[in-house]
Amino acid sequence: MLRCSFCGRRAVYHRRYAGVFLCDRCMIKSVERRFRRAISENKLVMPGERVAVAVSGGKDSVACLHLLHDYCRGRRCELVAITVDEGIKGYREQSLPVARENAEMLGVEHHVVSFKEVFGAKLDEMVKIAAKRVTGLNPCTYCGVMRRHLLNQGARELSADKLATGHNLDDETQAIMLNYVRADLSRLYRLGPIYMPREGFVPRIKPLREIPEKEVALYTLLRGIKVHLDVCPYASGIHTEIRDFLNSLETNHPNSKFMILRMFEEIRPHLQEAVPEVEMKSCESCGEPTSTRLCKTCELLQGIGLAKRRKNLISDQNS
C-alpha cells in the first residue's frame, strides 16, 4: 500500500510532477493552500469586496465557489453566483440544478441569465442558423464570446468588484497555446491571475489558475461536493486538439504545464509594448463597451440574422 509522503497515511493520489504521494487530508489541504496563496500573492480579493462567481455547475466553477466561500468567511467579503444558461439541450438543464443547489447550500445569492432572454435565441438555435449561413465558425466561438458578455454584464449590474471564474491550470495553458497558435498578442496579454480592464468591464480573477484540472476534480470528490461532470456536446475543433496535445506532453513529461505557465509569466510583462492602445466606446447596437463600432457579440448576432431580434428585446426592456 502506497503511503502519503507527508503524513504516512494511505495515499489516494500520485502528484507525478512533484514526485510525491498524498492522502485525502493532505490533498485537500494542498489545494486549499494553493488557492489561498494565489489570492494573497496576486491580491485577487480584498476585504469588503463583492465578488461575483461564474458557476456553471461543473467541477471547476463549483470548487471555486466553495473555496471562495470558505476564504471569505470572516473577511467581510460578499459572494454572488451567476450562471449562464446557453440553451444546450441535454446538457445545461442538468448542470443548472447543481449550480443552484451548491449556491443555496452555501447561502450564496444566485442569478441565472439566459441566451434566450437576452439574445432572443438559444445556442442550439444559433448553431443551426450559423451552419447554413456562416462558414468556419465553431459553436464554441458563439458560446465563449456571448458567455463572457453576459457574465460581465451580470457582474456589473450586481455591483460586483471582481468576477471570479474557475479556470484551472489546464485551461490556462490551453489558452496560452491557443493564442500562440493564433498569434493573438492582445488576448495573450489579457491572460493572467487577474485582468484589470477598462471602464465597463468588471476585473476578472482566476484563483484556480495554478491547480491542475485532475486535482480540482479530486478535491470535489474528496470533499463530497456535488458537481456536474458531463462534457459539452459542442466541444471540438482546435481547442480539443491543443488540450489533447498538452495532456500527452504532460503524461510523457510531467510538469510541462507548469513550465508553460511559468514561461508565459516571464514573457507577459513585455507584451504590453506590443499591444496597441485602443479607445473604448459604446456598441452602437447594445451599448456595451467595445473598441469597434459593434461589440463582438452583436457582430456575431448580425452574422446569423439575430441582431434585430436582440435590439427589439433591448427596446422592450427599456420601455
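Structure report, in brief. The model shown is predicted, which means the values in this text are computed figures rather than measured ones.

Okay, the overall build of the chain next. Looking only at helices and strands, one finds 13 helices and ten strands in the chain. Here the chain has a C-alpha radius of gyration of 20 Å; the compact-globule value for 319 residues is 20 Å, and the two agree. Seen along its three principal axes, the alpha-carbon backbone of the chain occupies a region of about 65 × 40 × 40 Å. Buried positions account for 49% of the 319 residues belonging to the chain. A separation threshold of at least 6 residues defines the contact pool for the chain, and within that pool the share at least 24 residues apart is 72%.

Okay, the pairing of strand β3 (residues 50–54) next. Among the five residues in β3, five count as buried, and that is most of the element. A two-sided burial pattern is seen for β3, the buried positions comprising Arg50, Ala52 and Ala54 on one face and Val51 and Val53 on the other. Two elements, β3 and strand β4 (residues 78–85), share five bridges in a ladder whose sense is parallel. In the sheet register, Val53 faces β4, and the bridge partner there is Ala81.

Taken as a whole and assessed by the stated rule, the structure comprises 25 salt bridges. The partner of Glu213 in a salt bridge is Lys59, and the shortest N-O contact between them spans 2.9 Å. Note that Glu213 is positioned in helix α9 (residues 213–223) and Lys59 in helix α2 (residues 59–72), a separation of 154 residues in sequence. On the accessibility criterion, Glu213 (28% relative accessible area) is partly exposed. Bridged by salt links that share partners, the residues Glu172, Lys206, Arg209, Glu210, Arg262 and Glu265 form one connected network.

In this section: helix α3 (residues 92–106). Taking 1.5 Å as the rise per residue, α3 with 15 residues should run 21 Å; its terminal C-alpha atoms sit 21 Å apart, in good agreement. Tucked into the core, α3 has its buried residues touching α2, β4 and β5 (109–114). Looking one or two places after α3, you find Gly107, whose phi comes out positive at around 75°.

What follows concerns the state of the cysteines. Evaluated as defined, the whole model comprises zero disulfides. In this structure Cys283 is not part of a disulfide, and its nearest cysteine sulfur, from Cys298, lies 3.7 Å away.

A few words now on the packing of aromatic side chains. Counting across every chain of the model gives two aromatic pairs. The interplanar angle of 55° and the centroid separation of 5.0 Å between the aromatic rings of Tyr17 and Phe258 together place this pair among those described as tilted. Taken together, the residues span a long stretch of sequence, with Tyr17 in the loop between β1 (13–15) and β2 (20–22) and Phe258 in helix α11 (residues 256–271) at a distance of 241 residues. The exposure class of Phe258 is buried, given its relative accessible area of 7%. Sitting above the plane of the Tyr71 ring, Arg75 keeps its charged end 3.9 Å from the centroid. Between the NZ or CZ atom of Arg268 and the centre of the ring of Tyr189, over which it lies, the distance is 5.0 Å.

The subject of this paragraph is the packing of α2 against α3. Relative to each other, α2 and α3 sit at 5°, their axes nearing to 11 Å. Between α2 and α3, the interaxial angle falls into the category roughly parallel. Within the contact between the two elements, α2 uses Val62, Leu65, His66 and His69 and α3 uses Asn102, Ala103, Met105 and Leu106. Tallied by class, the residues present in the contact of α2 with α3 amount to five nonpolar, three polar and no charged.

Within the fold, Ser114 resides in strand β5. For Ser114, the side chain forms a polar contact with the main-chain nitrogen of Glu117, separated by 3.0 Å. Apart from residues lying up to four places away in sequence, Ser114 is in contact with Asp85 and Leu150.

Cut-offs and rules
- Residues numbered from 1 in each chain as written.
- Predicted model: local features only at pLDDT ≥ 70, side-chain atom pairs only at ≥ 80, totals over all residues.
- Heavy atoms only, no water.
- Helix = DSSP H or I, 4+ residues; strand = E, 2+ residues; numbered from the N terminus.
- Rg over C-alpha atoms; globule rule 2.2 N^0.38 Å.
- Buried < 20%, exposed > 50% of the residue type's maximum accessible area, 1.4 Å probe, protein only.
- Contact = heavy atoms within 4.5 Å.
- Pairing = 2+ DSSP bridges.
- Salt bridge = Lys/Arg side-chain N within 4 Å of Asp/Glu carboxyl O.
- Expected span 1.5 Å × (residues − 1).
- Disulfide = S-S within 2.5 Å.
- Phe/Tyr/Trp six-rings, centres within 6.5 Å; stacked < 30°, edge-to-face > 60°.
- Lys NZ or Arg CZ within 6 Å of the ring centre and 35° of its normal.
- Axes fitted to C-alpha atoms, helices over the stretch in contact; angles between N-to-C directions.
- Parallel < 35°, antiparallel > 145°, perpendicular 65-115°, else oblique.
- Nonpolar A, V, L, I, M, F, W, Y, C, P; charged D, E, K, R; others polar.
- Polar contact = N/O pair within 3.5 Å; in protein donor to acceptor, adjacent residues only side chain to side chain.

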